[in-house]
Amino acid sequence: MLTTSPRLHVRRPSPTTVEFTLSTRPPSTLAVRVLSTLLLILRVVVFFSSILIVHAAWVQSPYATSFLTTSPASTRTRSSDDAEDSFFPSATLSQATHLIDDSIPGRLARRLVSSNLVPLPVLVAGCLAAAYATLLRTHTTESLLVLRGLGIQTSSTSGSYLSAAATRFIPTEKIQDVLVNEAFKGFEVRYYLVVIVEGEEDLVVVFPNLLPRKKIVETVWRGVRGCLWEAEGSWGYNGNQRTNDKWQGGGA
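Here the structure is a predicted model, which means the values were calculated and not measured.

Draft legend 1. How the structure looks around the side chain of Thr17. Of note, Thr17 is situated in strand 2 (residues 17-23). A distance of 3.1 Å separates polar atoms of two side chains, one belonging to Thr17 and the other to Ser14. Setting aside chain neighbours within four positions, we find Thr17 in contact with Arg11, Arg12, Leu145, Val146, Leu147 and Cys227.

Draft legend 2. Main features of unusual backbone geometry. Positive phi values are uncommon outside glycine, yet Asn116 reaches one of about 60°. For Asn116, the position within the fold is in the loop between helix 5 (104-115) and helix 6 (120-133). In this structure, Phe207 is a non-glycine residue whose phi angle is positive, near 55°. Relative to the assigned elements, Phe207 resides in the loop between strand 8 (204-206) and helix 7 (214-228).

Draft legend 3. Structural view of the sheet that holds strand 8. With respect to topology, three strands assemble into an open sheet ordered 6-7-8, the strand pairing being antiparallel. Either end of the sheet is taken by a strand with one partner, and the two such strands are strand 6 (175-185) and strand 8. The average angle at which neighbouring strand axes cross in this sheet is 40°, direction not considered. Direction of pairing for strand 6 relative to strand 7 (residues 188-197): antiparallel, over a ladder of 10 bridges.

Draft legend 4. Summary view of the packing of aromatic side chains. Using the criterion set out here, one finds one aromatic pair in the structure. Residues Phe47 and Phe48 carry aromatic rings whose centres are separated by 5.4 Å and whose planes lie at 90° to one another, so their mutual orientation is edge-to-face. Residue placement shows Lys214 over the ring face of Tyr191; its charged tip is 4.8 Å from the ring centre.

Draft legend 5. Quick peek at the sheet that holds strand 1 (residues 7-14). Spatially, five strands are ordered 1-2-3-4-5 in an open sheet, and the strand pairing comes out antiparallel. Of all the strands in the sheet, just strand 1 and strand 5 (166-171) have a single pairing partner and so form its edges. With direction set aside, neighbouring strand axes in the sheet form an average angle of 15°. Across six bridges, the pairing between strand 3 (residues 141-147) and strand 4 (residues 151-156) is antiparallel. Within the sheet, the bridge partner assigned to Leu144 lies in strand 4 and is Thr154. Helix-sheet contacts for helix 7 involve strand 1, strand 2, strand 3 and strand 4, and the interaxial angle to strand 2 is about 160°.

The rules behind the values
- Residues numbered from 1 in each chain as written.
- Predicted model: local features only at pLDDT ≥ 70, side-chain atom pairs only at ≥ 80, totals over all residues.
- Heavy atoms only, no water.
- Helix = DSSP H or I, 4+ residues; strand = E, 2+ residues; numbered from the N terminus.
- Polar contact = N/O pair within 3.5 Å; in protein donor to acceptor, adjacent residues only side chain to side chain.
- Contact = heavy atoms within 4.5 Å.
- Pairing = 2+ DSSP bridges.
- Axes fitted to C-alpha atoms, helices over the stretch in contact; angles between N-to-C directions.
- Phe/Tyr/Trp six-rings, centres within 6.5 Å; stacked < 30°, edge-to-face > 60°.
- Lys NZ or Arg CZ within 6 Å of the ring centre and 35° of its normal.

By themselves, these observations are geometric and do not establish any function.
Okay, here's the thing in structure tokens:
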């Protein structure tokens with residue numbers, strides 16, 4: 001319910017600019033907002049619980065003891081350096097760590113680690129995997145921005161909140177053509193939008209992750225041609241037959 005089939009949204013800020021956004025985000029209904037809020041709370045709880053368990057496992061491991069054991073001279077030197085250069089002094093961080101360890105979630109995490117109900121490597125690996133899973137996106141968004149006289153910009157969100165969206169700008173003078181191509185995906189014929197870029201052997205696939213249905217692909221194709229080359233925007237589906245035959249069957 002938190003994801004849907006790809007839906008197209010067209011925005012025209014000006015007569016020479018058009019943006020096509022394809023997303024699996026569902027419409028913002030009351031049920032979707034409630035589920036999204038519950039999912040956000042669950043993500044926060046799972047993430048911080050996983051971090052607490054990993055921290056408790058680290059504190060109780062022999063590696064932490066050897067790591068934290070230092071000589072008094074080095075401790076004094078490090079404390080003076082922290083006071084001068086660090087934004088958060090080590091004493092403040094130590095107090096915060098003790099407060100977390102003495103809290104109810106911290107004690108529960110230490111008790112879970114000490115119980116040895118789950119082997120420590122399995123427990124730590126599971127917590128790290130759970131923490132990473134909370135950072136994954138529940139929907140995918142891809143967009144195509146067309147600027148007449150300048151070029152086009154493609155954008156695709158990553159699967160995780162840890163990385164930024166992948167974007168690419170193609171100047172108009174580098175664009176040889178924009179076509180609808182087709183390929184087999186399993187036993188199904190899929191249509192996709194491609195851009196032929198001058199000097200590049202590979203085609204630039206638009207919406208490579210979502211690969212929307214044919215109707216959406218044709219709508220975007222007509223809109224792109226109409227914005228880039230207004231006089232040619234009324235061409236039919238097989239407007240450039242020679243180029244289309246040349247690139248027909250290229251892989252996505």
